[in-house]
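Summary of structural features
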Amino acid sequence: ALVNQREPGVVLADGRIIDGNRRFTCLRLLNAEDNNIQYFETVILDASIGNDQKQIKMLELAIQHGEEQRVDYNMIDMAIGAYHDIIETELLSIDEYVSSTNIPLTEVKKRLETAKLIIEFLEFMGVDKQYHIAREMQVYSVFYEMVPLVKKCESIEGKQQLKRSVFSNIMMGSAADQRKYIRNVKSMMDSGLYSSY
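An account of the accompanying structure is given in this report.

Definitions and limits used
- Residues numbered from 1 in each chain as written.
- Predicted model: local features only at pLDDT ≥ 70, side-chain atom pairs only at ≥ 80, totals over all residues.
- Heavy atoms only, no water.
- Salt bridge = Lys/Arg side-chain N within 4 Å of Asp/Glu carboxyl O.
- Helix = DSSP H or I, 4+ residues; strand = E, 2+ residues; numbered from the N terminus.
- Buried < 20%, exposed > 50% of the residue type's maximum accessible area, 1.4 Å probe, protein only.
- Expected span 1.5 Å × (residues − 1).
- Arc of directions from axis to C-beta.
- Contact = heavy atoms within 4.5 Å.
- Pairing = 2+ DSSP bridges.
- Axes fitted to C-alpha atoms, helices over the stretch in contact; angles between N-to-C directions.

1. With respect to the pattern of salt bridges
Throughout the structure, instances matching the rule amount to 14 salt bridges. Across the pair Arg-183 and Glu-145 runs a salt bridge whose closest N-O atoms are separated by 3.1 Å. Of this pair, Arg-183 sits in helix α9 (residues 178-191) while Glu-145 sits in helix α7 (residues 140-152), placing them 38 residues apart in sequence. Residue Arg-183 is classed as partly exposed on the basis of its relative accessible area, which comes to 42%. Through salt bridges with shared partners, one network takes in Glu-145, Arg-179 and Arg-183.

2. Focus: α9
Its 14 residues give α9 an end-to-end C-alpha distance of 20 Å, which sits within 8% of 20 Å, the value for a rise of 1.5 Å per residue. Of all the residues in α9, the buried ones are Gln-178, Tyr-181, Ile-182, Val-185, Met-188 and Met-189. Looking down the long axis of α9, one finds its buried residues gathered within 110° of arc, a one-sided arrangement. The secondary structure elements touched by the buried residues of α9 are α6 (131-137), α7 and α8 (156-172).

3. Section: the sheet that holds strand β2 (residues 17-19)
Taken in spatial order, the three strands line up as β2-β1-β3 in an open sheet, and their pairing is mixed. Of all the strands in the sheet, just β2 and β3 (42-45) have a single pairing partner and so form its edges. Neighbouring strand axes in the sheet, compared pairwise and without regard to direction, differ in orientation by 30° on average. With two bridges connecting them, strand β1 (residues 9-12) and β2 associate as antiparallel partners. Within β2, the position partnered with Val-10 by the bridge is Asp-19.

Right, here's the structure in full:
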């Protein structure tokens, strides 16, 4: 309402918004409030992508991740989005995702592992797929740092035990600084004290 639209969106010739969904929604809500006609400034791609969901997703990712001064998306949303596109729907291969976003392969793999931990954490709490809870709890960095710790565990039971321990502590809010807590767990694993803990 104060500064109007600053950056143009990107729309396909048939009207589907590839980049600028939030800007479009804001303009639509502003228009509903005061009935002034709000125009969505956009670039219209004269591309014949049709209904090729893979091409649309790759174009969307390339635009969103290719902007120099893009609005930072919540890391949980980015990780879960990658997990959805690569693992759940298999819309994109991991290589296609990497080439569309220009994010290194190792980073994409770590984000996928982090997303798996977030999904398991929400299931542990009994709130499957309620990603807003993970955002409110700000757990991304904890689980991101937990990925190599899970890999260190030699048995499936060890991995499950680590997850239950960390999930319980996060859920109960037993540590004021969750990143410090996970680093303490790492120190215990490195020193051999973790099993007694």
